[in-house]
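Chain and residue survey
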Amino acid sequence: MPSPPLSELTTLRLGGPAARMTSADSDGALIDAVRAADAAGEPVLVLAGGSNVVAADAGFPGTVVRVATHGVETYAMSDGRLRLDVAAGEHWDTLVAACVEQELSGIEALSGIPGSVGATPIQNVGAYGQEVADVIVGVRALDRSSGEIHDLDPEACLFDYRSSVFKRDPGRWLVLRVIFALERTALSEPVRYAELATRLGIAERERAPLAEVRAAVLALRRRKGMVLDPGDPDTVSAGSFFTNPILRARDFDAFAQRAAERLGADVRPPAWPVSERAVKTSAAWLIERAGFTRGHGDPDGIAISSKHTLALTNRGAGTTTELVALAREIAGGVREAFGVELVPEPVFAGHSW
């Protein structure tokens, strides 16, 4: 029986069939499936939630291994925190909701993010002032280059903004389990994101009840089309398509000067220092100031979300080829206007950026 098209397994609803597809419901089966494909010299796509994948129209010329592992084991830690050992195939937002309900603090601002637990350390998933790196204490992963299983501590994971050792060396690591350490409290971590603090009616760095933080984050994400909803075509996306650029300080200064020349002397781009020599700026700001508006594109096919310029959506009749063309148009427009390179966040399967 032919494999189902990847459009049925990804949130963008794009992509043709895989040459082969298999499902693994245990760590052992997952390891065996990937090792078998590697031994045969086949390309491998490890797929769970499909929320961060841009699959080619022609499909994937290899084996798609679907991650269907489940299970959450908990252990009390000597410092009072609770350790959660979570299978890669667990649904991320289901875990977040359960932690909020059980008064476990540390991932509440990451509510509403689609996808699986195993994907979170790869991207160092983050939103509204939190990152999974803040609470991950270990990752169990198969090193496909050596065939060995490793328990990596946070230092070995090399977490950075939307990056990790797993993302820097694509294809090498197969994440099996993620280990978190969460505080036992009914209050959130200090809220570090201004928009979220305003929504909650508190000052930045104050705490709020976990359930209130989750509700506020979900409301903010829905307003931006970032919570999956069958009735909202703006949610047929891969989330934020581009990461926020991180520039060397002198490159940011050159960019700011270019922005002032283009937009007016009093215009200053958003800037968040990430080190003494690097500054993060806003991809959405760049896209909008380069002339790309919400809804830009084909209203029946591929278009920028009507709610958020960072999301590229499939309105129902789109193709991956058209999506990549729009993404390149946007990246080219930003490059021409401001001299800044936009970097896509999703994984490209069966084709390249």
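Anything mentioned here points back to the structure above.
So, here is what we can say about the structure in this document. Keep in mind it's a predicted model, so treat the numbers as computed, not measured.

What counts, and where the lines are drawn
- All residue numbers refer to positions counted from 1 along the written sequence of the respective chain.
- Side-chain atom pairs in this predicted model are given and counted only at pLDDT of 80 or more, local residue features only at pLDDT of at least 70, and totals for whole chains, interfaces and linings cover all residues.
- Only heavy atoms go into the side-chain values, all of them from the structure, while hydrogens and water stay out.
- Relative accessibility decides the category of a residue: with a 1.4 Å probe and only protein chains considered, values under 20% of the type maximum give buried, values over 50% give exposed, and everything between is partly exposed.
- Put simply, DSSP marks the helices as runs of H or I at least four residues long and the strands as runs of E at least two long, and each gets a number from the N terminus on.
- Directions are taken from the helix axis to each C-beta atom, and the arc is the one they span.
- What makes two residues a contact is simply this: any of their non-hydrogen atoms within 4.5 Å.
- Only C-alpha atoms enter the line fits that serve as axes; for helices the fit covers just the stretch in contact. Angles between N-to-C directions range over 0 to 180 degrees.
- Our angle categories are set so that under 35 degrees counts as roughly parallel, over 145 as roughly antiparallel, 65 to 115 as roughly perpendicular, and the remainder as oblique.
- The classification used treats Ala, Val, Leu, Ile, Met, Phe, Trp, Tyr, Cys and Pro as nonpolar, Asp, Glu, Lys and Arg as charged, and all other residues, Gly among them, as polar.
- A 1.4 Å probe that fits but cannot get out identifies a cavity on a 1 Å grid over protein atoms alone, an open set with protein on both sides within 12 Å along at least five of seven lines counts as a pocket, and a residue lines either if it has an atom within 4 Å of a point.
- Grid points are joined across faces, edges and corners, and a volume is the space filled by probe spheres set on the points.
- In what follows, salt bridge is the name for a side-chain nitrogen of Lys or Arg lying within 4 Å of a carboxyl oxygen of Asp or Glu.
- Note on aromatic contacts: the rings of Phe and Tyr and the six-membered ring of Trp form a pair at centre separations within 6.5 Å, being stacked when their planes are under 30 degrees apart, edge-to-face when over 60 apart, and tilted otherwise.
- Each pair of strands is called paired provided DSSP finds at least two bridges between the two strands.
- By convention a nonpolar core is built from buried Ala, Val, Leu, Ile, Met, Phe, Trp, Tyr and Cys residues, the set being connected through side-chain atoms within 4.5 Å.
- Criterion for a disulfide: a pair of cysteine sulfur atoms at a distance within 2.5 Å.

Things to note about helix α2 (residues 92-101)
Taken residue by residue, α2 has W92, D93, L95, V96, C99 and V100 as its buried positions. Seen along its axis, α2 keeps its buried residues to an arc of 155°; they face one direction. Residues of α2 that are buried make contact with β5 (72-76), β6 (82-87), β7 (104-105), α3 (120-123), β12 (173-184) and α7 (210-223). Looking one or two places after α2, you find E103, whose phi comes out positive at around 60°.

What about the packing of helix α8 (residues 249-263) against helix α10 (residues 320-338)?
Remark: α8 packs on α10, axes separated minimally by 9 Å, with the N-to-C direction vectors making an angle of 90°. Here α8 is positioned roughly perpendicular relative to α10, judged by the angle of their axes. For the pair formed by α8 and α10, the contact residues are F255, R258, A259, R262 and L263 on the first element and R335, E336, A337 and F338 on the second. Among the residues forming the contact of α8 with α10, the class breakdown is five nonpolar, no polar and four charged.

A look at the environment of S164
With respect to the helices, strands and loops of the structure, S164 is situated in the loop between α4 (154-157) and α5 (165-168). Once residues lying within four places of it in the same chain are set aside, the contact partners of S164 are P121, I122, C157, L158 and F159.

Observations concerning the layout of surface pockets
Size it by volume and the second largest pocket reaches roughly 210 Å³. Along the walls of the second largest pocket sit 13 residues, with Y161, T243, N244, P245 and I246 positioned nearest its centre. For the lining of the second largest pocket, a count of residues per class yields seven nonpolar, two polar and four charged.

Comments concerning the pattern of salt bridges
Throughout the structure, instances matching the rule amount to 20 salt bridges. In this structure, the salt-bridge partner of D134 is R192, at a minimum N-O distance of 3.0 Å. With D134 in the loop between β9 (130-131) and β10 (136-143) and R192 in the loop between β12 and α6 (194-200), this pair connects stretches of sequence that are 58 residues apart. Between K307 and D232 there is a salt bridge whose closest N-O contact spans 3.1 Å. Of this pair, K307 sits in the loop between β17 (302-304) and β18 (311-314) while D232 sits in the loop between α7 and β13 (237-240), placing them 75 residues apart in sequence. Assessed through its relative accessible area of 13%, D232 is described here as buried. Taken together, the shared-partner salt bridges in this structure form one network comprising D232, D234, K307 and R315.

Digging into the packing of aromatic side chains
For the structure on display, the rule yields 11 aromatic pairs. Ring centres 5.9 Å apart and planes at 50° place the aromatic pair W92 and F180 in the tilted group. Of this pair, W92 sits in helix α2 while F180 sits in strand β12; the two residues are 88 residues apart in sequence, bridging distant segments of the chain. W92 sits in the buried class, given a relative accessible area of 0%. Taken together, a centroid distance of 6.1 Å and an interplanar angle of 85° make the contact between F166 and W173 edge-to-face.

Re empty space enclosed by the protein
By the definition in use, this model includes one cavity of 30 Å³ or more. Of the voids in this model, the largest cavity is the one considered here, and its volume is about 50 Å³. Surrounding the largest cavity, E108, A109, Y128, G129, Q130, S188, E189, P190, V191, R192, L196 and V213 form its lining.

Things to note about the pairing of strand β11 (residues 148-152)
Of the pairings in the sheet, the one linking β10 to β11 comprises five bridges and is antiparallel in character. Among the inter-strand pairings, A141 is bridged to a residue of β11, identified as H150. What sits between β10 and β11 in their antiparallel hairpin is a turn of four residues, with G147 showing a positive phi close to 80°.

Some details on the sheet that holds strand β16 (residues 278-280)
The strand order across the open sheet formed by three strands is β14-β16-β15, and the pairing between neighbours is antiparallel. One side of each edge strand has no neighbouring strand; the edge strands of this open sheet are β14 (246-248) and β15 (272-273). α8 rests against β14 and β16 of the sheet, and its axis sits at about 100° to β14.

Observations concerning the environment of A33
One can find A33 in helix α1 (residues 27-39). Residue classification places A33 among the buried positions, given a relative accessible area of 17%. Those residues in contact with A33 that sit more than four places away from it in its chain are T22 and V65.

Here's the deal with the nonpolar core
Within the largest apolar cluster, 42 residues are counted, with the highest numbers of intra-cluster contacts made by L84, W92, L95, I107, F166, F180 and L196. Ignoring anything within four residues of it in the chain, the contact list for L95 reads V72, L84, V86, I107, V117 and F180. By size, the runner-up hydrophobic cluster in this structure holds 35 residues, among which are A284, A290, L326 and F338.

Side note on the state of the cysteines
A complete count under the given rule lists zero disulfides for this structure. Free cysteine: C99, not disulfide-bonded; nearest cysteine sulfur from C157 at 18 Å. For C157, a relative accessible area of 0% gives the class buried.

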